[in-house]
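Spelled out from the first residue to the last, the chains are:
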Amino acid sequence: MGVVTSACASTENLEPETGFADAIIWETLAKLTHFAASGEASTIDLGGLPMSNRDRAALDDLLGRGEVSATLDVIGRSEVWETQFAGVWRVRHHGAEGIATDLIEITVCPRILSADRRDAETAARRLAEALERKHGIAETAHET
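Source: prediction; values computed, not measured. (Residues numbered from 1 in each chain as written. Predicted model: local features only at pLDDT ≥ 70, side-chain atom pairs only at ≥ 80, totals over all residues. Heavy atoms only, no water.)

In this structure, what is going on with the packing of aromatic side chains? I would like to understand it.
Given two aromatic rings, their pairing is described by the distance between the two centres and the angle made by the two planes. Taken as a whole and assessed by the stated rule, the structure comprises zero aromatic pairs. The cationic tip of Arg65 hangs over the ring face of Trp81; the distance from NZ or CZ to the ring centre is 3.7 Å. (Phe/Tyr/Trp six-rings, centres within 6.5 Å; stacked < 30°, edge-to-face > 60°. Lys NZ or Arg CZ within 6 Å of the ring centre and 35° of its normal.)

Before we go on, may I ask you to explain the environment of Gly64 in this structure?
Position of Gly64 among the secondary structure elements: in the loop between α3 (53-63) and β2 (69-73). Expressed as a C-alpha distance, the spacing of Gly64 and Glu82, which sit 18 residues apart in the sequence, is 8.6 Å. Dropping the residues within four chain positions of it, Gly64 is found in contact with Trp81, Thr83 and Gln84. (Helix = DSSP H or I, 4+ residues; strand = E, 2+ residues; numbered from the N terminus. Contact = heavy atoms within 4.5 Å.)

Please explain the nonpolar core as it appears in this structure.
Grouped burial of nonpolar side chains is what soluble globular proteins tend to show. Ranked by size, the top nonpolar core spans eleven residues in total: Ala21, Ile24, Phe35, Ile44, Leu46, Met51, Leu59, Leu63, Val88, Ile104 and Ile106. Elements with a contribution of two residues or more to this core: α2 (20-38), α3 and β5 (98-106). The biggest single contributor to this core is α2, with three residues. With residues up to four places along the chain from it excluded, the contact list for Ile24 reads Ile44, Leu46, Leu49, Met51, Leu59 and Ile104. (Core = buried A, V, L, I, M, F, W, Y, C linked by side-chain atoms within 4.5 Å. Buried < 20%, exposed > 50% of the residue type's maximum accessible area, 1.4 Å probe, protein only.)

Which parts of the structure should I look at to understand the packing of α2 against α3?
Working note: a packed helix pair is described by the angle between its axes plus the distance between those axes. Interhelical geometry of α2 versus α3 gives an angle of 35° and a closest axis separation of 8 Å. Residues Phe20, Ala21, Ile24 and Ile25 of α2 form the contact with α3, whose own contacting residues are Asp55, Ala58, Leu59, Leu62 and Leu63. Considering only residue class, the contact of α2 with α3 consists of eight nonpolar, no polar and one charged. (Axes fitted to C-alpha atoms, helices over the stretch in contact; angles between N-to-C directions. Nonpolar A, V, L, I, M, F, W, Y, C, P; charged D, E, K, R; others polar.)

Following this line, the structure appears as C-alpha coordinates:
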(Lines give C-alpha, C1' and ligand atoms only; values in the text may rest on other atoms or scores of the structure.)
Protein backbone atom coordinates (compact mmCIF):
# COMPACT_ATOMS: atom_id res chain seq x y z
CA MET A 1 0.00 0.00 0.00
CA GLY A 2 1.37 3.44 -0.90
CA VAL A 3 1.70 6.59 1.16
CA VAL A 4 -1.44 8.69 1.48
CA THR A 5 -0.84 12.07 -0.16
CA SER A 6 -4.32 13.57 -0.07
CA ALA A 7 -4.54 17.05 1.42
CA CYS A 8 -7.62 15.77 3.26
CA ALA A 9 -5.70 12.96 4.96
CA SER A 10 -5.18 13.32 8.68
CA THR A 11 -1.60 14.08 9.72
CA GLU A 12 -2.22 11.86 12.75
CA ASN A 13 -2.60 8.86 10.42
CA LEU A 14 0.74 9.68 8.80
CA GLU A 15 2.55 10.16 12.10
CA PRO A 16 4.99 7.30 12.57
CA GLU A 17 5.01 4.94 15.54
CA THR A 18 8.21 5.31 17.53
CA GLY A 19 8.09 1.89 19.17
CA PHE A 20 7.50 3.32 22.63
CA ALA A 21 4.08 1.63 22.92
CA ASP A 22 5.61 -1.84 22.55
CA ALA A 23 8.42 -0.99 24.97
CA ILE A 24 5.90 0.26 27.53
CA ILE A 25 3.79 -2.88 27.15
CA TRP A 26 6.86 -5.07 27.78
CA GLU A 27 7.75 -2.98 30.83
CA THR A 28 4.16 -3.21 32.06
CA LEU A 29 4.26 -6.99 31.68
CA ALA A 30 7.49 -7.21 33.70
CA LYS A 31 6.11 -4.98 36.45
CA LEU A 32 2.76 -6.82 36.52
CA THR A 33 4.55 -10.17 36.81
CA HIS A 34 6.64 -8.79 39.67
CA PHE A 35 3.54 -7.33 41.36
CA ALA A 36 1.71 -10.67 41.08
CA ALA A 37 4.64 -12.46 42.72
CA SER A 38 5.59 -9.92 45.39
CA GLY A 39 2.70 -7.50 45.89
CA GLU A 40 5.10 -4.61 45.22
CA ALA A 41 3.35 -1.79 43.36
CA SER A 42 5.08 0.31 40.71
CA THR A 43 4.44 3.19 38.33
CA ILE A 44 5.40 4.01 34.76
CA ASP A 45 5.41 7.76 34.04
CA LEU A 46 4.53 8.36 30.39
CA GLY A 47 4.83 12.12 30.64
CA GLY A 48 8.45 12.54 29.62
CA LEU A 49 8.43 10.04 26.78
CA PRO A 50 8.45 11.34 23.19
CA MET A 51 5.46 9.21 22.20
CA SER A 52 3.57 9.95 19.02
CA ASN A 53 -0.22 10.09 18.95
CA ARG A 54 -0.14 6.72 17.16
CA ASP A 55 1.96 5.28 20.01
CA ARG A 56 -0.55 6.53 22.58
CA ALA A 57 -3.46 5.14 20.58
CA ALA A 58 -1.71 1.76 20.22
CA LEU A 59 -1.03 1.68 23.96
CA ASP A 60 -4.62 2.61 24.81
CA ASP A 61 -5.99 0.05 22.34
CA LEU A 62 -3.91 -2.81 23.72
CA LEU A 63 -4.52 -2.02 27.40
CA GLY A 64 -8.20 -1.25 26.84
CA ARG A 65 -10.61 -0.40 29.62
CA GLY A 66 -11.87 -2.65 32.36
CA GLU A 67 -14.92 -2.36 34.58
CA VAL A 68 -13.72 0.23 37.11
CA SER A 69 -13.26 3.95 36.47
CA ALA A 70 -13.43 7.20 38.42
CA THR A 71 -13.25 10.91 37.72
CA LEU A 72 -12.00 13.21 40.46
CA ASP A 73 -12.19 16.99 40.71
CA VAL A 74 -9.41 17.89 43.15
CA ILE A 75 -7.11 20.73 42.07
CA GLY A 76 -8.05 19.90 38.48
CA ARG A 77 -9.70 16.91 36.88
CA SER A 78 -8.20 13.44 37.16
CA GLU A 79 -9.30 10.27 35.39
CA VAL A 80 -8.55 6.80 36.69
CA TRP A 81 -9.47 3.52 35.05
CA GLU A 82 -8.49 -0.07 35.36
CA THR A 83 -7.36 -1.52 32.06
CA GLN A 84 -8.64 -4.86 30.82
CA PHE A 85 -5.72 -6.36 32.76
CA ALA A 86 -6.39 -6.61 36.51
CA GLY A 87 -3.92 -4.57 38.53
CA VAL A 88 -2.93 -2.32 35.60
CA TRP A 89 -4.42 1.16 35.98
CA ARG A 90 -4.25 4.34 33.88
CA VAL A 91 -4.14 7.62 35.81
CA ARG A 92 -4.34 10.99 34.03
CA HIS A 93 -4.28 14.39 35.72
CA HIS A 94 -5.45 17.33 33.61
CA GLY A 95 -4.17 20.88 33.95
CA ALA A 96 -4.85 24.13 32.17
CA GLU A 97 -2.59 23.08 29.28
CA GLY A 98 -4.07 19.59 28.81
CA ILE A 99 -2.76 16.34 30.28
CA ALA A 100 -0.35 17.23 33.08
CA THR A 101 0.45 13.69 34.27
CA ASP A 102 -0.06 10.40 32.45
CA LEU A 103 0.74 7.24 34.42
CA ILE A 104 0.38 3.50 34.36
CA GLU A 105 0.11 2.21 37.93
CA ILE A 106 0.53 -1.48 38.65
CA THR A 107 -1.19 -1.95 41.99
CA VAL A 108 -4.32 -3.15 43.77
CA CYS A 109 -5.73 0.39 43.87
CA PRO A 110 -4.16 3.64 42.57
CA ARG A 111 -2.85 5.96 45.29
CA ILE A 112 -5.14 8.79 44.28
CA LEU A 113 -8.16 6.61 45.15
CA SER A 114 -6.84 5.58 48.57
CA ALA A 115 -7.75 7.60 51.63
CA ASP A 116 -4.85 9.28 53.38
CA ARG A 117 -4.78 8.72 57.16
CA ARG A 118 -4.60 12.48 57.79
CA ASP A 119 -7.65 12.98 55.59
CA ALA A 120 -9.40 10.18 57.50
CA GLU A 121 -8.59 11.91 60.83
CA THR A 122 -10.12 15.13 59.51
CA ALA A 123 -13.12 13.20 58.20
CA ALA A 124 -13.63 11.53 61.61
CA ARG A 125 -13.70 14.96 63.32
CA ARG A 126 -16.17 16.29 60.75
CA LEU A 127 -18.42 13.25 61.15
CA ALA A 128 -18.35 13.62 64.96
CA GLU A 129 -19.29 17.30 64.57
CA ALA A 130 -22.15 16.37 62.22
CA LEU A 131 -23.47 13.86 64.77
CA GLU A 132 -23.17 16.44 67.53
CA ARG A 133 -25.14 18.97 65.48
CA LYS A 134 -27.80 16.39 64.63
CA HIS A 135 -28.26 15.05 68.15
CA GLY A 136 -27.03 17.97 70.22
CA ILE A 137 -24.44 15.75 71.90
CA ALA A 138 -20.88 14.69 71.31
CA GLU A 139 -20.51 10.98 70.61
CA THR A 140 -17.25 9.37 71.65
CA ALA A 141 -15.93 5.89 71.06
CA HIS A 142 -16.14 3.56 74.05
CA GLU A 143 -13.33 1.18 74.82
CA THR A 144 -14.29 -2.36 75.72
